[in-house]
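Residues per chain are reported as follows:
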Amino acid sequence: MKKGIIVNHSLPTCACCIAALITAPVTVSAAAAGGARALSEQAFLGQYEPETNVDAIAALDLDQRSIVARLATGDRDGLAEAQIVYSNGQESSELNIKRLSTEAETDLSASPTYKTFVEYYGESDYADQWVDASYRADATSFSGNGNVEFRNFFLEGRAAAIRWGTPLLHVWVYVLGLLETAANNCQISQEAGANDEQIAIWDKAVALYTGSEARESGAHG
């Protein structure tokens, strides 16, 4: 398959997921849904047109940039401000980065990758526990492996743990988990709307991976 292929969501054998797995970038045809679903106004990178409203999750890139900027101040006030953005969100009113971990057990139930991380750490919200302990200068208390004593870290080390913990432990696992969940739950069916839920999950993965800034500029996210 080549770039720019139109993926028709009405095809059997769950072509919506299979095609997206093996081609990049992909242009998705809204006409295939017969106009039944609401489309967001902008495609991602001029290629992928989501069939559901994913503005909130796409805007989490702005929360991440805000966290990084506050951590860069190198002081306790910046760390405290970053924690507020992490927990409550700033740009995306319906979602925040913390929830990518605390709600992962429900959202990523069909993801082998997420389950591997849970088995290692012994906790379903391991990512939030890691970052929260970094913010509080405390030790993690995983029932499995990977515990860290952040009381032994200086401010710079704790900021680094948060700076890289959020994109790697939260965002990366959530994106991959959504893709796996959508693919694993796709149904082989000609029935209209049979895979609506899986398409919505896939839309969220693309939105979170790309981000709102790359969606608008096509340059970076």
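An account of the accompanying structure is given in this report. Bear in mind the structure is a predicted one, so any value in this text is a computation, not a measurement.

## Here we look at the overall build of the protein chain
Each helix and strand in the protein chain was counted, giving 11 helices and 2 strands. Element order for the protein chain, N to C, with α for helix and β for strand: β-α-β-α-α-α-α-α-α-α-α-α-α. Split into buried and exposed, the 221 residues of the protein chain put 44% on the buried side. Across the protein chain, every contact between residues at least 6 apart in sequence was considered, and the portion connecting residues at least 24 apart equals 55%. Accessible surface, the protein chain as shown: approximately 11100 Å² in total, 51% of it carbon and sulfur.

## A short note on helix H4 (residues 76-88)
Taking 1.5 Å of rise per residue, the 13 residues of H4 would be expected to cover 18 Å, and the 18 Å separating its terminal C-alpha atoms lies within 8% of that figure. Within H4, the full set of buried residues consists of Gly 78, Leu 79, Ala 82, Val 85 and Tyr 86. Seen from one end, H4 has its buried residues packed into an arc of 120°, which puts them on one side. Those residues of H4 that are exposed and aimed more than 90 degrees away from the buried face are Arg 76, Asp 77, Ile 84 and Asn 88. Residues of H4 that are buried in the fold lie against helix H3 (60-71), helix H8 (126-136) and helix H9 (155-185).

## As for the environment of Pro 112
Relative to the elements of secondary structure, Pro 112 occurs in helix H7 (residues 112-121). Taking C-alpha positions, Pro 112 is 7.6 Å from Gly 177, a pair spaced 65 residues apart along the chain.

## Brief notes about H7
Among all positions in H7, only Thr 113, Tyr 114 and Tyr 121 are buried. End-on, the buried residues of H7 take up no more than an arc of 100°, which puts them together on one face. Structurally, H7 contributes buried residues whose contacts are with helix H6 (104-107), H8 and H9. Downstream of H7 by a residue or two, Gly 122 has a phi angle that is positive, lying close to 85°.

## Some thoughts on unusual backbone geometry
Located in the positive-phi region is Ala 137, a residue other than glycine, with phi close to 55°. Looking at the element boundaries, Ala 137 is found in the loop between H8 and H9.

## Here we look at the nonpolar core
If you look at the biggest cluster of nonpolar residues, it comprises 43 residues, and the most contacted ones within it are Ile 57, Ile 67, Tyr 126, Trp 130 and Tyr 135. Listing elements by their share of this core, those giving two or more residues are helix H2 (55-58), H3, H4, H7, H8, H9 and helix H10 (196-210). In terms of residues, this core owes the most to one element, H9, which gives 9 residues. Apart from the residues lying within four places of it in its own chain, the contact partners of Tyr 135 are Ile 67, Leu 79, Ala 82, Gln 83, Tyr 86, Arg 158 and Ile 162.

## Remarks on the environment of Thr 210
Tracing the chain through its elements places Thr 210 in helix H10. Between the C-alpha atoms of Thr 210 and Ala 59, which are 151 residues apart in sequence, the distance is 9.7 Å. Among the polar contacts listed, one links the side chain of Thr 210 to the backbone oxygen of Val 206, at a separation of 2.8 Å.

## A look at the side chain of Arg 158
You can see Arg 158 is positioned in helix H9. The buried charged residue Arg 158 lacks any salt bridge partner; its closest oppositely charged side chain belongs to Glu 149, at an N-O distance of 9.5 Å. Those residues in contact with Arg 158 that sit more than four places away from it in its chain are Arg 76, Leu 79, Ser 134, Tyr 135, Arg 136, Ala 137, Phe 150 and Phe 153.

## Regarding the packing of H7 against H9
For the pair H7 and H9, the least separation of the axes is 7 Å and the interaxial angle reads 130°. In terms of orientation, H7 and H9 fall into the oblique class. Along the contact surface, H7 presents Pro 112, Thr 113, Tyr 114, Phe 117 and Tyr 121, while H9 presents Leu 169, Trp 172, Val 173, Leu 176, Glu 180 and Asn 184. Of the residues belonging to the contact of H7 with H9, the class tally is 8 nonpolar, 2 polar and 1 charged.

Analysis parameters
Residues numbered from 1 in each chain as written. Predicted model: local features only at pLDDT ≥ 70, side-chain atom pairs only at ≥ 80, totals over all residues. Heavy atoms only, no water. Helix = DSSP H or I, 4+ residues; strand = E, 2+ residues; numbered from the N terminus. Buried < 20%, exposed > 50% of the residue type's maximum accessible area, 1.4 Å probe, protein only. Contact = heavy atoms within 4.5 Å. Areas by Shrake-Rupley, 256 points an atom, 1.4 Å probe, with all protein chains shown as cover. Expected span 1.5 Å × (residues − 1). Arc of directions from axis to C-beta. Core = buried A, V, L, I, M, F, W, Y, C linked by side-chain atoms within 4.5 Å. Polar contact = N/O pair within 3.5 Å; in protein donor to acceptor, adjacent residues only side chain to side chain. Lys, Arg positive; Asp, Glu negative; His and termini not counted. Salt bridge = Lys/Arg side-chain N within 4 Å of Asp/Glu carboxyl O. Axes fitted to C-alpha atoms, helices over the stretch in contact; angles between N-to-C directions. Parallel < 35°, antiparallel > 145°, perpendicular 65-115°, else oblique. Nonpolar A, V, L, I, M, F, W, Y, C, P; charged D, E, K, R; others polar.

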